[in-house]
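Fold and contact review
One letter stands for each residue in the lines below.
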Amino acid sequence: YPTEDIKAQLAELDGKNIKVTGYLIGVSSGKYTNTMAVSVVESENAAPEASVVNIADITAAGKYKVNNAWAVATYANGALLTDASGAYILAFQPSEAIAVGEVVNIEGNVSAYGGLLQFGQGTVTKTGETKEVVHPTAEVLDGAKMDAYLSAPEIKYVEYTGTLSISSGKYYNVTVAGAVTAQGSVAY
């Protein structure tokens, strides 16, 4: 809840690199460091450049750029990307749609969601190239393996069988026999 003076200064600085001076007064939603600002000014220091890396090198939140990645699967809100490293990362709501096999460069902030790292609204530049996508052999998951996944999520190609339940016209959940807690969710 900034003062009207600080709000006016912030409005002029939208999208620019800024320096905030003030008092930290707590945390909200587990990630926002709430600051009672005394001063906000444009910073003379340039915003940090994105590190150009392979997907496998992304191990923490930050700003990154990945060149020559391609989509192995897509969904309504983005794509699952891989590169020569063989690792995967989700591109959530990228700046433009990416088709399966399309080679792209992506740059933006990476954050944690659902126990995994993802680009959120990354800027996509299409290279004009495509790759043939060949999926690996699916790991078959039973109920016990579905439950085990909850404590150690990772991106992997899987197959599971169960009973589909559709609710609210948008939730597609699969009950797998033997699972105590986990349910499949055809969300993407």
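Please refer to the structure placed before this passage.
Residues numbered from 1 in each chain as written. Predicted model: local features only at pLDDT ≥ 70, side-chain atom pairs only at ≥ 80, totals over all residues. Heavy atoms only, no water.

1. Details of unusual backbone geometry
In plain terms, the rule: Helix and strand labels come from DSSP, where a helix needs a run of H or I of at least four residues and a strand needs a run of E of at least two; each type is numbered from the N terminus.
Although it is not a glycine, Q121 adopts a positive phi angle of roughly 55°. Mapping Q121 onto the fold places it in the loop between strand 8 (116-120) and strand 9 (123-130). Phi at S168 is positive, roughly 55°, even though this residue is not glycine. Its place among the elements puts S168 in the loop between strand 12 (163-167) and strand 13 (171-175).

2. Digging into the sheet that holds strand 14 (residues 184-185)
Sheet strands line up and pair through hydrogen bonds in the backbone, either parallel or antiparallel. Put simply, the rule is: Criterion used throughout: strands pair if DSSP finds at least two bridges between them.
Here we have 3 strands laid out as an open sheet, ordered 12-13-14, and antiparallel in their pairing. The open sheet is flanked by strand 12 and strand 14, the only strands paired with a single partner. Relative to strand 13, strand 12 runs antiparallel, the two sharing 5 bridges. When the sheet's bridge partners are listed, I166 is paired in strand 13 with Y172.

3. As for the pairing of strand 4 (residues 62-75)
Consecutive residues of a regular strand have side chains that alternate between opposite faces of the sheet. The pairing of strand 3 (residues 51-52) with strand 4 spans 2 bridges and is classified as parallel. Bridge assignment links S51 to a residue of strand 4, and that residue is Y64. Pairing between strand 4 and strand 7 (residues 102-113): 7 bridges, direction antiparallel. Along strand 7, the bridge assignment pairs K63 with N109. With 5 bridges connecting them, strand 4 and strand 5 (residues 78-82) associate as antiparallel partners. Within strand 5, the position partnered with A71 by the bridge is L81. Where strand 4 folds back onto strand 5 in an antiparallel hairpin, the turn is made up of 2 residues.

4. What about the environment of V38?
How we decide: Contacts between residues were defined by any pair of non-hydrogen atoms, one from each residue, lying within 4.5 Å.
Within the secondary structure, V38 sits in strand 2 (residues 32-42). Linking V38 and Y113, residues 75 residues apart in sequence, is a C-alpha distance of 32 Å. Contact partners of V38, with chain neighbours within four places excluded, come to I6, T21, G22 and Y23.

5. A short note on the pattern of salt bridges
Applicable threshold: Here a salt bridge means any side-chain nitrogen of Lys or Arg lying within 4 Å of a carboxyl oxygen belonging to Asp or Glu. Think of it in three bands: with a 1.4 Å probe and only protein chains considered, a residue is buried below 20% of the maximum accessible area for its type, exposed above 50%, and partly exposed in between.
Taken as a whole and judged by the stated rule, the model has 5 salt bridges. Notably, a salt bridge pairs E4 with K7, separated by 3.3 Å at the nearest N-O pair. Of the two residues, E4 and K7 are both situated in helix 1 (residues 4-13); the distance of 3 residues between them amounts to about one turn of the helix. Classification of E4 as exposed rests on a relative accessible area of 58%.

6. Some thoughts on the packing of aromatic side chains
Using the following cut-off: Centres within 6.5 Å are what make two rings of Phe, Tyr or Trp a pair, Trp counting through its six-membered ring; a difference in plane orientation under 30 degrees is then read as stacked, over 60 as edge-to-face, and the rest as tilted. Geometrically, a lysine NZ or arginine CZ counts as sitting over a ring once it is within 6 Å of the ring centre and also within 35 degrees of the ring normal.
All chains considered together, the criterion is met by 0 aromatic pairs. Here K131 stacks its cationic end above the ring of W70, 4.6 Å away from the centre of that ring.

7. Quick notes on a nonpolar patch on the surface
To keep it simple, the criterion reads: Patch criteria: residues need more than 30% relative accessible area and no salt bridge. Like-charged residues are merged within 9 Å; nonpolar side chains of Val, Leu, Ile, Met, Phe, Trp and Tyr are merged within 5 Å. Methods summary: accessible areas were calculated by the Shrake-Rupley approach with a probe of 1.4 Å, and residue burial reflects only the protein chains presented.
Together, Y23, I25, M36 and V38 line one region of the surface with nonpolar side chains, adding up to about 470 Å² of accessible area. For Y23, the location among the structural elements is in strand 1 (residues 18-28).

8. Considering the nonpolar core
Defined as follows: To qualify as a nonpolar core, a set must consist of buried Ala, Val, Leu, Ile, Met, Phe, Trp, Tyr and Cys residues joined through side-chain atoms within 4.5 Å.
Formed by 17 residues in total, the largest nonpolar core has its most connected members in I58, V66, L81, I89, I98, I106 and F119. The set of elements that each furnish at least two residues to this core consists of strand 4, strand 5, strand 6 (88-92) and strand 7. The biggest single contributor to this core is strand 4, with 4 residues. Apart from residues lying up to four places away in sequence, F119 is in contact with I58, Y64, V66, I89, L90, A91, F92, I106, E107, G108, N109 and V110. One finds L141, M146, V174 and V176 within the second-largest nonpolar core, a separate group that totals 5 residues.

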